[in-house]
Amino acid sequence: MVDKNGCAIGYVARNLLLSLFIVTTILFALSCYFVLRSTAHNRFLSSTFSSKSFVDDVNLKKVVQRERDEHCSSTSRCVKDGPLKVYMYNMDPEFHFGLLDWKPDGNNKNKGTSVWPDVQKYIPPYPGGLNLQHSIEYWLTLDLLASEYENAPRAVAAKRVYNSTEADVIFVPFFSSLSYNRFSKVNPHQKISRNKDLQRKLVSFLTAQEEWKRSGGRDHVVLAHHPNSMLDARNKLFPAMFILSDFGRYPPTVANVEKDVIAPYKHVIKAYENDTSGFDSRPILLYFQGAIYRKDGGFVRQELFYLLQDEKDVHFSFGSVRNGGINKASQGMHNSKFCLNIAGDTPSSNRLFDAIASHCVPVIISDDIELPFEDVIDYSEFSVFVRTSDALKENFLVKLIRGISKEEWTRMWNRLQEVEKHYEFHFPSKPDDAVQMIWQAIARKVPSVKMRIHKSRRYSGSASETGKDSRWSSLIPRSFW
């Protein structure tokens with residue numbers, strides 16, 4: 001039998017305990033609230049000025065960032081320490097402007113300045129034609145010389161400094177492409193060509209410099225844009241940063257994408273200024289004019305010629321700079337929707353940059369090509385990439401190109417006009433033009449250069465290192481390091 005009185009008492013006891021728990025919880029919560037409110041109020045009073053300072057600082061940073069964004073495009077090297085600091089050797093004119101028949105002023109007794117032309121008064125002209133496509137050494141050297149003039153009305157991506165220990169990189173002003181183009185043949189009275197002799201002198205000069213010994217050459221910038229330039233010296237100067245058009249004729253232990261910079265060719269056809277053309281006003285679907293029979297990987301040109309020669313709206317023919325070839329190519333590219341850039345003797349060619357200057361959408365068929373500034377520029381936004389194996393399939397290439405809509409082509413055409421400034425060479429240089437883009441690409445390599453230099457010094461003082469020059473004995477490469 002259940003005791004009803006006992007059940008009632010238990011029920012009341014449980015309710016009392018529950019009520020007590022609820023009241024206690026509420027009181028605890030209220031006490032915590034008032035304590036926190038009091039301490040927060042005190043903290044607010046004690047930090048009013050510091051908080052205001054923080055807000056002002058954040059606002060100031062936003063203003064500074066906005067101003068930087070207005071002056072720096074997405075591809076610029078805009079950093080707090082300003083332009084790239086470049087130390088340039090005062091080398092004899094025979095290595096640079098002397099190759100253009102320029103002679104220093106004999107009345108100038110200061111050797112450091114007499115080896116250079118005063119670019120405010122006179123700029124030695126560079127030879128035209130196909131020589132121009134590999135002329136980057138000329139433009140970069142001029143830009144460094146102009147950077148010395150404080151009142152130059154332009155943005156500066158690189159600044160010449162005169163203390164090599166303050167420099168980010170050491171610039172070697174040897175016009176190697178010009179030397180190859182003009183002086184690679186052996187004259188009857190010579191044992192070796194002037195080009196080979198200059199390379200021999202260059203190696204002797206550089207390896208004797210304190211700057212080279214200090215870094216093992218790793219922070220040196222050597223220009224070898226023509227694929228055949230520096231053939232004799234490249235294996236001896238491999239620790240340096242090479243400025244190249246591609247890696248086609250270099251073993252990876254001598255040149256590679258990790259340490260070196262790919263620079264654009266200077267286009268030789270006329271730029272398409274005030275371009276008001278459109279998809280319908282460019283009657284040629286696909287354009288190629290140039291050397292068809294090439295060595296090495298260039299066999300694809302010959303194969304494509306046989307595949308495309310009967311297509312009615314495709315222009316694929318042999319061409320050269322003779323008999324107005326450059327003017328004909330300019331007109332042809334300006335009237336074409338797509339322009340072929342096919343591997344030749346090496347993976348790259350000037351035809352890509354001619355196409356960009358013409359606002360003719362590039363069709364790139366070169367499996368091993370490395371492109372300038374590709375770490376900051378997306379070429380797929382204005383180019384069509386086709387694998388060589390696919391391009392050689394019957395009807396594949398034409399079907400692919402015909403399948404690109406007018407809207408898609410127009411989008412790429414617009415993008416071409418936005419990026420073309422990055423491939424134009426100017427003196428004085430202009431913001432984000434080819435000259436400044438190359439300097440910016442070099443600047444992006446500086447941290448890895450410094451890391452390689454520091455790593456090379458890890459065991460320089462160890463007991464296993466013997467001899468005065470033992471630090472540099474490891475420079476005979478087992479790798480590009």
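Here the structure is shown first, and the text comes after it.
Report on the accompanying structure. Small disclaimer: the values here were computed from a predicted structure and weren't measured.

### Quick look at the pattern of salt bridges
Here is step 1 of the chain: This structure, assessed with the given rule, holds 15 salt bridges.
Here is step 2 of the chain: With a shortest N-O distance of 2.8 Å, Arg 160 and Glu 148 are connected by a salt bridge. With Arg 160 in strand β2 (residues 158-161) and Glu 148 in the loop between α4 (136-146) and β2, this pair connects stretches of sequence that are twelve residues apart.
Here is step 3 of the chain: Note on Arg 160: relative accessible area 6%, which makes it buried.
Here is step 4 of the chain: Given the relative accessible area of 30%, Glu 148 is considered partly exposed.
Here is step 5 of the chain: Residues joined in a network through salt bridges with shared partners are Glu 94, Asp 197, Arg 200 and Lys 201.

### Quick word on the sheet that holds strand β11 (residues 384-385)
By way of backbone hydrogen bonds, the strands of a sheet pair with one another, either parallel or antiparallel.
Here is step 1 of the chain: Strand order in the open sheet formed by five strands is β8-β7-β9-β10-β11, and the pairing between neighbours is parallel. Every interior strand has two partners, whereas the edge strands, β8 (314-318) and β11, have only one.
Here is step 2 of the chain: Across the sheet, helix α8 (residues 299-308) lies against β7 (284-290), β8, β9 (336-342) and β10 (361-365), angled at about 135 degrees from β8, the strand it touches most.

### Concerning the environment of Ala 434
Here is step 1 of the chain: Structurally, Ala 434 is set in helix α14 (residues 434-456).
Here is step 2 of the chain: Residue Ala 434 is classed as buried on the basis of its relative accessible area of 0%.
Here is step 3 of the chain: Between the C-alpha atom of Ala 434 and that of Ile 136, which follows or precedes it by 298 residues, the distance is 8.9 Å.
Here is step 4 of the chain: Ignoring any residue separated from it by four or fewer positions in sequence, one finds Ala 434 in contact with Pro 264, Phe 373, Lys 421, His 422, Tyr 423, Glu 424 and Phe 425.

### Side note on the state of the cysteines
Here is step 1 of the chain: Applying the stated criterion across every chain, the model contains one disulfide.
Here is step 2 of the chain: Each disulfide pairs two cysteine sulfurs, and for Cys 339 the partner residue is Cys 360, the sulfurs being separated by 2.1 Å. Between Cys 339 and Cys 360, the S-S dihedral sits near 105 degrees, and the bridge is therefore right-handed. Separated by 21 residues along the polypeptide, Cys 339 in strand β9 and Cys 360 in the loop between α10 (351-358) and β10 bring together distant segments of the chain.
Here is step 3 of the chain: For Cys 339, a relative accessible area of 1% gives the class buried.
Here is step 4 of the chain: Residue classification places Cys 360 among the buried positions, given a relative accessible area of 0%.

### Topic: unusual backbone geometry
Here is step 1 of the chain: The linkage connecting Phe 427 with the following residue, Pro 428, adopts the cis geometry, with an omega of -5 degrees.
Here is step 2 of the chain: Mapped onto the elements, Pro 428 comes out in the loop between α13 (406-419) and α14.
Here is step 3 of the chain: Of note in the backbone geometry, His 359 takes a positive phi value of approximately 60 degrees without being a glycine.
Here is step 4 of the chain: Topologically, His 359 is positioned in the loop between α10 and β10.
Here is step 5 of the chain: Judged by relative accessible area, which is 1%, His 359 ranks as buried.

Reading the values: rules and limits
- Residue numbers here run from 1 along each chain, matching the order of that chain's written sequence.
- Note on the predicted model: pLDDT of at least 70 is required for a residue's local features to be given, and 80 or more for side-chain atom pairs to be given and counted; whole-chain, interface and lining totals, by contrast, use all residues.
- Just so you know, side-chain values use all the structure's heavy atoms and leave hydrogens and water out.
- Counted as salt bridges are all cases of a side-chain nitrogen of Lys or Arg within 4 Å of a carboxyl oxygen of Asp or Glu.
- Helix and strand definitions follow DSSP, with helices as H or I runs of at least four residues and strands as E runs of at least two, each counted in order from the N terminus.
- Only protein chains enter the accessibility calculation, which uses a 1.4 Å probe; a residue whose area is less than 20% of its type maximum is buried, one above 50% is exposed, and one in between is partly exposed.
- The criterion for strand pairing is that DSSP finds at least two bridges linking the strands in question.
- Should any heavy atoms of two residues lie within 4.5 Å, those residues are counted as being in contact.
- Interaxial angles span 0 to 180 degrees and are taken between N-to-C directions of axes, which are lines fitted to C-alpha atoms, for helices over the stretch in contact.
- By disulfide we mean two sulfur atoms from cysteines, separated by a distance within 2.5 Å.

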